[in-house]
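Report on the structure
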There are 2 protein chains.
Amino acid sequence: MGFPETFKALSDPVRREILTMLKEGRKSAGEIGQKFDMTGATISYHLNILKKAELVFEEKEKNFIYYNLNLTVFEEIMMWITQFTGKKEDNSEE
Amino acid sequence: MGFPETFKALSDPVRREILTMLKEGRKSAGEIGQKFDMTGATISYHLNILKKAELVFEEKEKNFIYYNLNLTVFEEIMMWITQFTGKKEDNSEE
DNA sequence: TTGCTATTTAGAAAATTTTCTAAATACATA
DNA sequence: TATGTATTTAGAAAATTTTCTAAATAGCAA
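Residues numbered from 1 in each chain as written. Chains lettered and ligands numbered in written order. Predicted model: local features only at pLDDT ≥ 70, side-chain atom pairs only at ≥ 80, totals over all residues. Heavy atoms only, no water.

Notes on helix α2 (residues 13–22) of chain B
All names here are of chain B. α2 sits mainly inside the fold: 7 of its 10 residues count as buried. Buried residues of α2: V14, R15, R16, I18, L19, M21 and L22, and no others. Between the side-chain oxygen of the N-cap and the backbone nitrogen of V14 there are 2.9 Å, and the N-cap of α2 in question is D12. (Buried < 20%, exposed > 50% of the residue type's maximum accessible area, 1.4 Å probe, protein only. Helix = DSSP H or I, 4+ residues; strand = E, 2+ residues; numbered from the N terminus. Polar contact = N/O pair within 3.5 Å; in protein donor to acceptor, adjacent residues only side chain to side chain.)

Next comes the structure, spelled out in structure tokens:
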């Protein structure tokens, strides 16, 4: 995957808002788009960046494409930041 | 401060590399610049972005300006990510 | 003061990112 | 098959970011 893509993906407010929406559970591209004053094409562009950064994955179902959070990469970002804050690196609880 | 600036600041590889360098301790703008194949003006631009994001602070001493990590904001990013990974939010050890 | 070193500021050029419109694809169902 | 809905792709325009050169500022030291 690569940190460059991940951090780039997180650097845009629209994309962070999309991630926040997905905390509630999967949403279709259309549902996500309704939250923003942008064309579907632009939302699609942002979703693609999140997908390439592996921050989300998609599930195709009927006519829809649903987007989900992929938590693995969030863990990796945590690790990266941990090198600065010096908290323990293995969160072995839970 | 604001997450937008912080994430923007972290989105550039040069700036992340600068932060990594500063783990060792404070460095002057000149010392930082030696690591990169860029003009001092460009380094200064990146340092300013890190400073505005409050990821670093500066100490002026004699003819030099030394840059240091400011760990506070890293903690805030950790918090932001924690909302996704669901780890405990108060790291009350140490 | 004058000159030297360290760094920033200003403004322009180059590169990248974000957004849009229009067209394309894909699937579902009448 | 034909039509409609959901979403993406292509290509261009607009906006932002990164970089450079040249000039400015600031402190030190002769």
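Quick notes on the pairing of strand β2 (residues 56–61) of chain A
All names here are of chain A. Note that β2 and strand β3 (residues 64–69) share 6 bridges and pair antiparallel. Bridged to E61 within β3 is F64. Between β2 and β3, which pair antiparallel in sequence order, lie 2 residues; one of them, K62, sits at a positive phi of approximately 50 degrees. (Pairing = 2+ DSSP bridges.)

As for the protein's contact with DNA strand C
If you check the shell around DNA strand C, you find 22 residues, and the closest are T42, Y45 and H46 of chain A together with G30 and Y67 of chain B. Sugar and phosphate atoms represent 70% of those atoms of DNA strand C found within 4 Å of the protein. Broken down by secondary-structure element, the contributors of at least two residues to the surface near DNA strand C are α4 (40–52) of chain A together with α3 (29–34), α4 (40–52) and β3 (64–69) of chain B. In terms of residue count, α4 of chain A provides more of the surface near DNA strand C than any other element does, 5 residues in total. Looking at the surface near DNA strand C residue by residue, the classes come out as 9 nonpolar, 9 polar and 4 charged. (Near = heavy atom within 4 Å. Nonpolar A, V, L, I, M, F, W, Y, C, P; charged D, E, K, R; others polar.)

Here we look at the sheet that holds strand β2 (residues 56–61) of chain B
Residue and element names in this part refer to chain B. Spatial ordering of the open sheet is given by β1-β3-β2, a layout of 3 strands whose pairing is antiparallel. At either end of the open sheet lies a strand with only one pairing partner, and these are β1 (27–28) and β2. Strand direction decides the pairing type here: β1 and β3, joined by 2 bridges, are antiparallel. Counterpart to K27 in the pairing with β3 is Y67. Strands in contact with α2 are β1, β2 and β3; relative to β3, the strand with the most contacts, it is inclined by about 90 degrees. (Contact = heavy atoms within 4.5 Å. Axes fitted to C-alpha atoms, helices over the stretch in contact; angles between N-to-C directions.)

Comments concerning the sheet that holds strand β1 (residues 27–28) of chain A
Residues and elements named next belong to chain A. One open sheet holds the 3 strands; their spatial order is β1-β3-β2, and the pairing between them is antiparallel. Only two strands of the sheet have a single partner each, and these edge strands are β1 and β2. Helix α2 (residues 13–22) contacts β1, β2 and β3 of the sheet and is inclined by roughly 90 degrees relative to β3.

A word on the packing of helix α1 (residues 3–10) of chain A against helix α5 (residues 71–85) of chain A
Residues and elements named next belong to chain A. One can describe the packing of α1 onto α5 by two numbers: an axis separation of 11 Å at closest approach and a directional angle of 100 degrees. On the basis of their axis angle, the class for α1 and α5 is roughly perpendicular. Contacts between α1 and α5 involve F3, T6, F7 and L10 on the former and, on the latter, V73, E76, I77 and W80. The residue makeup of the contact of α1 with α5, split by class, is 6 nonpolar, 1 polar and 1 charged. (Parallel < 35°, antiparallel > 145°, perpendicular 65-115°, else oblique.)

Structural measurements only, silent on function.
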